[in-house]
Amino acid sequence: MQGVTVQRLYGRSIMTSFHGMWSIGAIAGALYAAGCAKLDIGLMPSLVAVGVVCMAAALVTGPYLVRPTVEHEASDVSEVERPPLHVPWRPLVALGLVVVVFYLADTSVMSWSTLYLHDVLDAAKSVAPLGYAAYQVGAVVSRLVGDRFVVRYGAVAVVRTGTVIGVVALALVVVAPSPALAIAAFGLMGLGLPVVIPLAFAAAGNLPGSDADVAIARLNLFNYLGNIIGAGLIGALATEGALRWIYVVPLVLVPLIVLVARAFAPDREIAAAVRTRP
């Protein structure tokens, strides 16, 4: 919610960079967990340390978060004029479909790429985790540079291009005869699909005639739905030993994002509504 608000105040796309920092945080967390394991630090003290750091960060940064009054002044919309709970469901469901499909694909990499490389492609135990690492590195790169492409080409074009890259990458993962090609394909997937999610939340925050915070909160429900469906469906396939089919499922579903990509251009709808307003 804060990211979308800050983006609105900036007047340009910055959401993919926000999520790029999230990806960097995920990598830092993985390295922290590995370090704790290496130093034989127990679960309780390691979690306490993380909690203390996060609480300190919240206390330090809290006063600098954007207050609702600032957002209202910047958008020339008063508190009275804002529709507090109205959210148009049709575009939100379209964006929700994107979120579900993305997290299904993301779960397939996060939870199963190491096992896929080790059990199906006979990768060594030291090599198998590199698929997920390559995906995360690709995600960091695509998200940190994604805003530049959004500014130049628009969110719809970036989403479509990222989706096509993701589909090609998933196809390569499915047919990969060796660990090296699969790892490269996971990296390519990271260069495409991860830009979709920050742009989906940005689009939800700009839905015409809606309360941005409410729209974002409701869209986030699809995040959990995607993780639940992904964990159940892909986990069932893995249990049956059909590890290669894990990636066939997102390969079939991810192209649906292209079909609803127009939902990523709510700003154009807002502009049209302003032009036709009496």
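Residues numbered from 1 in each chain as written. Predicted model: local features only at pLDDT ≥ 70, side-chain atom pairs only at ≥ 80, totals over all residues. Heavy atoms only, no water.

Caption draft 1: Quick peek at the overall build of the chain. A count of helical and extended segments in the chain gives 13 helices and 0 strands. Here the chain, with 278 residues, has 43% of them falling under the buried criterion. Within the chain, counting contacts between residues at least 6 apart in sequence, those at least 24 apart form 82% of the total. A total of about 14,500 Å² of accessible surface is found on the chain, and carbon and sulfur atoms cover 70% of it. (Helix = DSSP H or I, 4+ residues; strand = E, 2+ residues; numbered from the N terminus. Buried < 20%, exposed > 50% of the residue type's maximum accessible area, 1.4 Å probe, protein only. Contact = heavy atoms within 4.5 Å. Areas by Shrake-Rupley, 256 points an atom, 1.4 Å probe, with all protein chains shown as cover.)

Caption draft 2: Looking closely at the packing of aromatic side chains. Tallied over the full model, the rule gives 4 aromatic pairs. With centroids separated by 5.0 Å and ring planes inclined at 80 degrees, the aromatic side chains of Phe 102 and Tyr 103 adopt a geometry described as edge-to-face. On the accessibility criterion, Tyr 103 (6% relative accessible area) is buried. Seen in terms of ring centroids, Phe 149 and Tyr 153 are 6.3 Å apart; in terms of plane orientation they differ by 15 degrees. Their pairing is stacked. You can see Phe 149 and its partner Tyr 153 sitting in helix α6 (residues 130–153), 4 residues apart, about one turn around the helix. (Phe/Tyr/Trp six-rings, centres within 6.5 Å; stacked < 30°, edge-to-face > 60°.)

Caption draft 3: Focus on the nonpolar core. Core analysis: the largest hydrophobic core is formed by 68 residues, its most contacted members being Leu 95, Leu 117, Phe 186, Met 189, Leu 219, Tyr 247 and Phe 264. Counting residues per element, the ones that place at least two in this core are α5 (89–120), α6, α7 (155–175), α8 (179–192), α9 (196–204), α10 (212–239) and α11 (245–253). Ranked by residues supplied to this core, first place goes to α5 with 15 residues. Each residue touching Phe 264, except ones within four places of it in the same chain, is listed here: Leu 95, Val 98, Ala 155, Val 156, Val 159, Val 196, Leu 199, Ala 200 and Ala 203. (Core = buried A, V, L, I, M, F, W, Y, C linked by side-chain atoms within 4.5 Å.)

Caption draft 4: Layout of α7. If you check α7, its first and last C-alpha atoms are 30 Å apart, about what 21 residues at 1.5 Å a residue would give, namely 30 Å. Of all the residues in α7, the buried ones are Ala 155, Val 156, Val 158, Val 159, Gly 162, Thr 163, Gly 166, Ala 169, Leu 170, Val 173 and Val 174. Around the axis of α7, the buried residues are gathered within 155 degrees of arc, so they sit on the same side. Where the residues of α7 are buried, they touch α5, α6, α8, α9, α11 and α12 (256–259). (Expected span 1.5 Å × (residues − 1). Arc of directions from axis to C-beta.)

Caption draft 5: The arrangement of a nonpolar patch on the surface in detail. A cluster of nonpolar side chains, contributed by Met 21, Ile 24, Val 137, Val 141, Leu 144, Val 145, Phe 149, Tyr 153 and Leu 191, occupies part of the molecular surface with about 770 Å² of accessible area. Listed by contribution, the elements that provide at least two residues to the nonpolar patch are α2 (15–38) and α6. In terms of residue count, α6 provides more of the nonpolar patch than any other element does, 6 residues in total. With respect to the helices, strands and loops of the structure, Val 141 is situated in helix α6. (Patch = residues over 30% accessible without salt bridge, like charges linked within 9 Å, V, L, I, M, F, W, Y side chains within 5 Å. Salt bridge = Lys/Arg side-chain N within 4 Å of Asp/Glu carboxyl O.)

Caption draft 6: Spatial organisation of helix α1 (residues 2–10). Gly 3, Val 4, Thr 5, Val 6 and Gln 7 are the residues of α1 that are buried. Positive phi shows up at Gly 11, right after α1, with a value of about 80 degrees.

Caption draft 7: Molecular detail of the environment of Ala 263. Note that Ala 263 resides in the loop between α12 and α13 (266–276). Relative accessible area serves as the criterion here: at 12%, Ala 263 is assigned to the buried category. For the pair Ala 263 and Val 98, spaced 165 residues apart in sequence, the C-alpha separation works out to 9.8 Å. With residues near it in sequence (within four places) discarded, Ala 263 still touches Pro 91, Ala 94, Leu 95 and Ala 203.

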